[in-house]
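Results of the structural survey
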Amino acid sequence: MKRVNIILAIACMTLAMASCSDSNKKTFNPTERKSSMTDAQREEALDKLKMSLSAQVDSLLFTHGVKLSVLPPAPDGNDITESLAERIATKLVQITSANGIGGLNNSPNFALGARLSQTGRTATGSAPQKMLVKYDVTYEVINVPTGDVYATATDEIVGVGASFEEANANAVQEIKNSPKLQKMLQTGSERIIDWYNKNVQTLKNQVEAAAGKKDYAYALALVESVPQQAAAAFQYASQQQPKLLEAMNRQHAAETLSDMKAAIAKADANFDPAVAACLQMVPADSPEYKEATAAYEAYTKKVEARQAEIAKKATEDEAYARKQAEIERQLEHEKELVEIEAAKMKSKYEAQASAVAMEKSMRDNKKGFWGKLGDRIIGAIDKASDNAAWND
């Protein structure tokens, strides 16, 4: 990344010098330049330039408000294993998150896909012997229902390891955010916004059809994927979102109650944000709400009793005093995570529905090279959400 930005800066300065030379019709006659800058000052100036160049791209991406799902490559029975596909999915989630593109794979209409084409697979001749793999990676921003590709970029990744499995894993580590990918995502985001501006009725038809089939998670995923910059579509989506969320939560209330009981059993007398998040997801007018609130009240009494016991011992024991302070800090942190846990629960339902819809779209469009999406998409959410999507 540093090398790319430095080369870009040098190229810009070289182009500017060449332009001036042509316009003035003077023969290029280089002379020695003497700089008064120290090495430290020069490094600082380069850092500022690199930050400025990066900010120009980042500012464009972070204002789009677009959501993308990710489409990892399908296992091929050889080097592309299920595990490797999951790693690639996680990398793609991290890249979209780093570029201000939201969503935990719960956008059924638009996605970032990555396809790998192996260009090299060999063992080195010298000892200790190493395995080497090379891939061409094609990244695409895709309109999944139509199969249209909105933006594309290519790259090469190389991995070396003691085994081909290790070499492939190391190659995937080379999938990183880059100016090339940032530019591609910028172009794709602009075209996605343009699609929403021109296809409000198509969006309405999709949402109404899904709700009519009681596929509320899919309908909710559709409306929550609309970027704010697409004003008319976003206004419609904002009106539909509350009732679709309520309908989805009611549909899953029994499952949520079961998840809540399991979280309570696991937490014992410790505060777990997942318990409070589950309660949030159970509608107040649902049959499960009374049982859920009773279970939550009993659970919070256990948590409070444990805290009171530690507080009492803290007055008599310095070690317990330190433990109490640590628990209180952790409790405050866990309470802040309740909304995030609820959002993750909701996103999983949306992602499952989105995966089903995307698989059908790609079968219809004969875009089958990504294979079965559901398990890998959910796996990518589990692995990437904590350290990427919620910490951008």
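Attention in this report is confined to the structure presented alongside it. Source: prediction; values computed, not measured.

**Some words on the packing of helix 7 (residues 216-224) against helix 8 (residues 231-251)**
Relative placement of two packed helices is described by the angle separating their axes and the distance separating the axes. Where helix 7 meets helix 8, the closest approach of the two axes is 9 Å, and the angle between their N-to-C directions is 150°. Put simply, helix 7 runs roughly antiparallel to helix 8. Every pair of crossing elements has a handedness; the one defined by helix 7 and helix 8 is left-handed. Every residue of helix 8 that contacts helix 7 at Tyr216, Ala217, Ala219, Leu220, Val223 and Glu224 is listed here: Ala237, Gln240, Gln241, Leu244, Leu245, Ala247, Met248 and Gln251.

**What about the packing of aromatic side chains?**
Each aromatic ring pair is characterised by the separation of its centres together with the angle its planes make. Under the criterion given, the structure shown has five aromatic pairs. With a centroid separation of 5.4 Å and an interplanar angle of 75°, the aromatic rings of Phe110 and Trp195 are classed as edge-to-face. Taken together, the residues span a long stretch of sequence, with Phe110 in strand 2 (residues 110-123) and Trp195 in helix 5 (residues 179-198) at a distance of 85 residues. The class for Trp195 is buried, based on a relative accessible area of 13%. Seen in terms of ring centroids, Tyr296 and Tyr299 are 6.2 Å apart; in terms of plane orientation they differ by 55°. Their pairing is tilted. Highlighted residues: Tyr296 and Tyr299, both in helix 11 (residues 289-314), separated by three residues, approximately one helical turn.

**Comments concerning the packing of helix 9 (residues 253-267) against helix 10 (residues 273-281)**
Where helix 9 contacts helix 10, the axes come no closer than 9 Å and their chain directions differ by 160°. Comparing the axis directions of helix 9 and helix 10 gives the class roughly antiparallel. Two packed elements cross with a definite hand, and for helix 9 against helix 10 that hand is left-handed. Taken together, the residues of helix 10 that come into contact with helix 9 (itself represented by Thr256, Asp259, Met260, Ala263 and Ile264) are Val275, Cys278, Leu279 and Met281. Residue composition of the contact of helix 9 with helix 10, grouped by class: seven nonpolar, one polar and one charged.

**Brief notes about the sheet that holds strand 3 (residues 131-143)**
Pairing in this open sheet of four strands is mixed, and the strands run 1-2-3-4 from one edge to the other. Among the strands making up the open sheet, the edge pair consists of strand 1 (69-71) and strand 4 (148-161). Sheet twist, expressed as the mean angle between neighbouring strand axes with direction ignored, is 20°. Sheet analysis places strand 3 next to strand 4, joined by 13 bridges and oriented antiparallel. Of the residues in strand 4, the one forming a bridge with Val133 is Gly159.

**Structural notes on the side chain of Ser69**
Within the secondary structure layout, Ser69 lies in strand 1. For Ser69, a relative accessible area of 0% translates into the label buried. A polar atom in the side chain of Ser69 sits 2.7 Å from the backbone oxygen of Ser107.

**Some points on helix 9**
With 15 residues, helix 9 should cover 21 Å at 1.5 Å per step; its first-to-last C-alpha distance of 21 Å lies within 8% of that length. Every buried residue belonging to helix 9 is among Ala253, Thr256, Leu257, Met260, Ala263, Ile264 and Ala267, and all of these are buried. Buried residues of helix 9, seen end-on, are gathered within an arc of 125° and therefore sit on one face of the element. Across from the buried face of helix 9, at angles greater than 90 degrees, the exposed residues are Ala265 and Lys266. Summarising the contacts, the buried residues of helix 9 are in contact with helix 8, helix 10, helix 11 and helix 13 (338-364). Once helix 9 finishes, Asp268 follows within two positions and takes phi at roughly 60°, a positive value.

**Details of the environment of Leu112**
Mapping Leu112 onto the fold places it in strand 2. As for Leu112 and Tyr139, which are separated by 27 residues in sequence, their C-alpha atoms are 6.9 Å apart. Setting aside chain neighbours within four positions, we find Leu112 in contact with Leu68, Ser69, Val70, Leu71, Leu92, Thr96, Tyr139, Glu140, Val141, Met184 and Leu185.

**Observations regarding the pattern of salt bridges**
Scanning the entire structure with this criterion turns up 10 salt bridges. Notably, a salt bridge pairs Arg250 with Asp285, separated by 2.9 Å at the nearest N-O pair. On the criterion of sequence distance, the pair formed by Arg250 in helix 8 and Asp285 in the loop between helix 10 and helix 11 is long-range, its members being 35 residues apart. Judged by its relative accessible area of 35%, Arg250 falls in the partly exposed class. Among the residues examined, Asp285 registers a relative accessible area of 54% and is labelled exposed. Across the pair Asp268 and Lys302 runs a salt bridge whose closest N-O atoms are separated by 3.1 Å. Here Lys302 lies in helix 11 and Asp268 lies in the loop between helix 9 and helix 10, a separation of 34 residues in the sequence. Through salt bridges that share partners, Glu224, Lys346 and Glu350 make up one connected network.

**Some thoughts on unusual backbone geometry**
Of note in this structure, Lys214 is not a glycine but carries a positive phi near 60°. Look at Lys214 and you get exposed, because its relative accessible area is 52%. Phi is positive for Asp268, which is not a glycine, with a value near 60°.

**A few points about the side chain of Lys67**
Among the structural elements, Lys67 can be located in the loop between helix 2 (39-61) and strand 1. It is Glu224 that comes nearest to the buried, bridge-free Lys67 among opposite-charge side chains, at 4.6 Å. At a separation of 3.0 Å, a polar atom in the side chain of Lys67 contacts the main-chain carbonyl oxygen of Glu224.

Analysis parameters
Residues numbered from 1 in each chain as written. Predicted model: local features only at pLDDT ≥ 70, side-chain atom pairs only at ≥ 80, totals over all residues. Heavy atoms only, no water. Axes fitted to C-alpha atoms, helices over the stretch in contact; angles between N-to-C directions. Helix = DSSP H or I, 4+ residues; strand = E, 2+ residues; numbered from the N terminus. Parallel < 35°, antiparallel > 145°, perpendicular 65-115°, else oblique. Left-handed = near helix turned anticlockwise from the far one by under 90°. Contact = heavy atoms within 4.5 Å. Phe/Tyr/Trp six-rings, centres within 6.5 Å; stacked < 30°, edge-to-face > 60°. Buried < 20%, exposed > 50% of the residue type's maximum accessible area, 1.4 Å probe, protein only. Nonpolar A, V, L, I, M, F, W, Y, C, P; charged D, E, K, R; others polar. Pairing = 2+ DSSP bridges. Polar contact = N/O pair within 3.5 Å; in protein donor to acceptor, adjacent residues only side chain to side chain. Expected span 1.5 Å × (residues − 1). Arc of directions from axis to C-beta. Salt bridge = Lys/Arg side-chain N within 4 Å of Asp/Glu carboxyl O. Lys, Arg positive; Asp, Glu negative; His and termini not counted.

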